[in-house]
Amino acid sequence: MESNRDGNAGALSLGTDGAQSNASPVVLTLALCFAVALLEGLDLQSVGVAARGMAKEFGLSVAQMGIAFSAGTFGLLPGAMVGGRLADSIGRKRVLMLSAALFGVLSIATAFVSDFWMLVIVRVLTGVGLGGAMPNLIALSSEAVAPRLRGTAVSIMYCGIPLGGGIAATIGMLAVSDADWRHIFYVGGVGPLLLLPLLAWCLPESRAFAAATAQGQRATPAPMMSVLFSEGRGVSTVQLWLSYFCTLIVLYFLLNWLPSLMGSRGLARGEIGWVQILFNAGSAVGVLVLGYLMDRARMSLVIGGMYLGMIASLIGLAAAQGFSVLATAAFFAGMFIIGGQSVLYALAAAYYPTAMRGTGVGAAVAIGRIGSVVGPLAAGMLLAVGSSAAVVIGASIPVTIVAALAALTLIRRPRAAD
């Protein structure tokens, strides 16, 4: 049941039962989930940063680079589906630890690949670990706080994604030459492995999940089709999937191809790095601001403004010339596109009850991951036939409009009681 709003001034109702509670478990949960998200964000952008070095060493074509970009995101799909399902069975914490261990080990393995197909296989498997982590990060964050604060909690966690991307861009800038591309995968792999003991000792399991387990719901999880489509959830599920799919087409196209597209505009290595850093800085701002507004402002205004901002920033990226204008457009693109994705993640948690949340969120993330595969591949195909950066970026605008319509109709649907 939703918490009271009449607490002491400045106090925050953080318990999932709505009562004032010790903030330490909440702070620990959000801090550790933020740390995992930071490392996930670093890994998600690592291939884009290392792309030029890998292309030179292995002699990769533009089309092959598109496949390499999509390989990791392809693994996100089964990872999210399985990770979300297991979360409702064995717990959010255990699945998150397994996922972090998997993507840590395989990120290091990426540094040892010797040819194109080995790279593709290792990145697919890395994506499985990354995909398994996200539904559990969303569930743990949203279940650590009262329902009215879920948007803020998920945004705090998800802020780690763009900041991790900023670290990836910084590592790319510090590289002496393209031959140093492996360094980013060492950093991205060692981090999650060092974090595992902290997750084991300090991360509390979701109290909402523990309560559901105590009621016997863990032993007999509802069938997946029942979770997604029964009790009036079918329309909401489809709308959520469509908004995820289309938004992630645009997001992952930019995550993977932004450095290459900026290079085609004549920017130097250092300028490309600054464009990426500003993209991720804007993302962090957008995640926090939109997450805050989601819990406090009219939802239709937040969603509508968010997608208008996406379209405007994409137009800016497509039309801009020169470093300063491109960097500014990249900042706002990150603010609205990655910030908007964090809003969608918080929305997913609101449409499924606790006992089904891992499955429902995992399915939505998995469907979105199809879009994350389609985006980089489609961009690679357009570039391979000679399309300009402006044409490739402009092609994502109609996709953004479809995502906006799906999200705006979704928020008119009833949400889960808990």
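Residues numbered from 1 in each chain as written. Predicted model: local features only at pLDDT ≥ 70, side-chain atom pairs only at ≥ 80, totals over all residues. Heavy atoms only, no water.

### Quick look at the overall build of the protein chain
Line of reasoning, step 1. Summing up its helical and strand segments, the protein chain has 16 helices and zero strands in all.
Line of reasoning, step 2. The C-alpha atoms of the protein chain give a radius of gyration of 20 Å, which matches the 22 Å a tight globule of 418 residues would have.
Line of reasoning, step 3. Based on the C-alpha atoms only, the size of the protein chain along its principal axes is roughly 55 × 40 × 40 Å.
Line of reasoning, step 4. Looking at the protein chain as a whole, 57% of its 418 residues qualify as buried.
Line of reasoning, step 5. Look at the contacts in the protein chain between residues 6 or more apart in sequence, and 86% of them connect residues 24 or more apart.
Line of reasoning, step 6. When the accessible surface of the protein chain is summed, it comes to about 15,400 Å², and 70% of that surface belongs to carbon and sulfur atoms.
Line of reasoning, step 7. Where the 23 positive side-chain charges of the protein chain centre and where its 16 negative ones centre are 5 Å apart. (Helix = DSSP H or I, 4+ residues; strand = E, 2+ residues; numbered from the N terminus. Rg over C-alpha atoms; globule rule 2.2 N^0.38 Å. Buried < 20%, exposed > 50% of the residue type's maximum accessible area, 1.4 Å probe, protein only. Contact = heavy atoms within 4.5 Å. Areas by Shrake-Rupley, 256 points an atom, 1.4 Å probe, with all protein chains shown as cover. Lys, Arg positive; Asp, Glu negative; His and termini not counted. Charge placed at Lys NZ, Arg CZ, Asp CG, Glu CD.)

### Side note on the domain arrangement of the protein chain
Line of reasoning, step 1. What the domain assignment lists for the protein chain is domain 1 (25-208) and domain 2 (224-417).
Line of reasoning, step 2. Here the C-alpha centre of domain 2 lies 18 Å away from the C-alpha centre of domain 1.
Line of reasoning, step 3. Contacts between the two partners involve 50 residues from domain 1, matched on the other side by 51 residues from domain 2.
Line of reasoning, step 4. Overall, the association of domain 1 and domain 2 removes approximately 4,200 Å² of surface from exposure, summing both partners, and the carbon and sulfur fraction of that is 65%.
Line of reasoning, step 5. Three residues stand out in domain 1 for area buried against domain 2, namely Phe69, Tyr158 and Met173, and they jointly supply 14% of the buried area on that side.
Line of reasoning, step 6. The interface formed by domain 1 and domain 2 contains one salt bridge.
Line of reasoning, step 7. Note that Glu143 and Arg357 form a salt bridge whose closest N and O atoms lie 3.0 Å from each other.
Line of reasoning, step 8. Summed over the shared surface of domain 1 and domain 2, the result is nine residue pairs in polar contact (both at pLDDT 80 or more).
Line of reasoning, step 9. Residue assignment for the side of domain 1 that touches domain 2 shows that the elements contributing at least two residues are helix 1 (24-58), helix 2 (62-90), helix 4 (116-143), helix 5 (150-158) and helix 6 (160-174).
Line of reasoning, step 10. Tallied by class, the residues present in the side of domain 1 that touches domain 2 amount to 26 nonpolar, 15 polar and nine charged. (Domains from an automatic or database assignment. Buried area = accessible area lost by both parts, 1.4 Å probe. Salt bridge = Lys/Arg side-chain N within 4 Å of Asp/Glu carboxyl O. Polar contact = N/O pair within 3.5 Å; in protein donor to acceptor, adjacent residues only side chain to side chain. Nonpolar A, V, L, I, M, F, W, Y, C, P; charged D, E, K, R; others polar.)

### Description of the nonpolar core
Line of reasoning, step 1. Membership of the largest hydrophobic core comes to 123 residues, with the highest contact counts inside it found for Met134, Met157, Tyr158, Ile303 and Tyr307.
Line of reasoning, step 2. At 17 residues, helix 13 (residues 323-350) tops the list of elements feeding residues into this core.
Line of reasoning, step 3. Both of domain 1 (25-208) and domain 2 (224-417) provide at least three residues apiece to this core.
Line of reasoning, step 4. The contact partners of Met134, leaving out residues within four places of it in the chain, are Glu40, Met157, Tyr158, Ile161, Tyr345, Val365 and Arg369.
Line of reasoning, step 5. The next biggest cluster of nonpolar side chains, apart from the first, holds six residues, and it includes Val26, Ala144, Val145 and Leu149. (Core = buried A, V, L, I, M, F, W, Y, C linked by side-chain atoms within 4.5 Å.)

### Notes on the state of the cysteines
Line of reasoning, step 1. As enumerated under the stated definition, the model contains zero disulfides in all.
Line of reasoning, step 2. Cysteine Cys159 is unpaired, with the sulfur of Cys33 as its nearest cysteine sulfur at 14 Å.
Line of reasoning, step 3. What makes Cys159 buried here is its relative accessible area of 7%.
Line of reasoning, step 4. Cys33 provides the cysteine sulfur closest to Cys202, a residue in no disulfide bond, and the two sulfurs are 13 Å apart.
Line of reasoning, step 5. Using a relative accessible area of 30% as the deciding quantity, one classes Cys202 as partly exposed. (Disulfide = S-S within 2.5 Å.)

### Remarks on the confidence of the model for the protein chain
Line of reasoning, step 1. Put simply, the protein chain has an average pLDDT of 84, and 91% of its residues get 70 or more.
Line of reasoning, step 2. Of all secondary-structure elements in the protein chain, the lowest mean pLDDT belongs to helix 8 (residues 207-214), at 73, while helix 3 (residues 92-110) reaches the highest, 95.
Line of reasoning, step 3. With pLDDT under 50 throughout, residues 1-22 is counted as low confidence; its partners more than four residues away or in other chains account for 43 contacts. (pLDDT = per-residue confidence, 0-100.)

### Re the packing of aromatic side chains
Where two aromatic rings form a pair, the distance of their centres and the angle of their planes describe that pair.
Line of reasoning, step 1. Considering all chains together, one arrives at eight aromatic pairs under this definition.
Line of reasoning, step 2. Seen in terms of ring centroids, Phe229 and Trp241 are 5.8 Å apart; in terms of plane orientation they differ by 85°. Their pairing is edge-to-face. With Phe229 in helix 9 (residues 224-229) and Trp241 in helix 10 (residues 234-264), this pair connects stretches of sequence that are twelve residues apart.
Line of reasoning, step 3. Note on Phe229: relative accessible area 33%, which makes it partly exposed.
Line of reasoning, step 4. Look at Trp241 and you get buried, because its relative accessible area is 19%.
Line of reasoning, step 5. Three or more aromatic residues link up through ring pairs in this structure, and these residues are Phe58, Trp181 and Phe185. (Phe/Tyr/Trp six-rings, centres within 6.5 Å; stacked < 30°, edge-to-face > 60°.)

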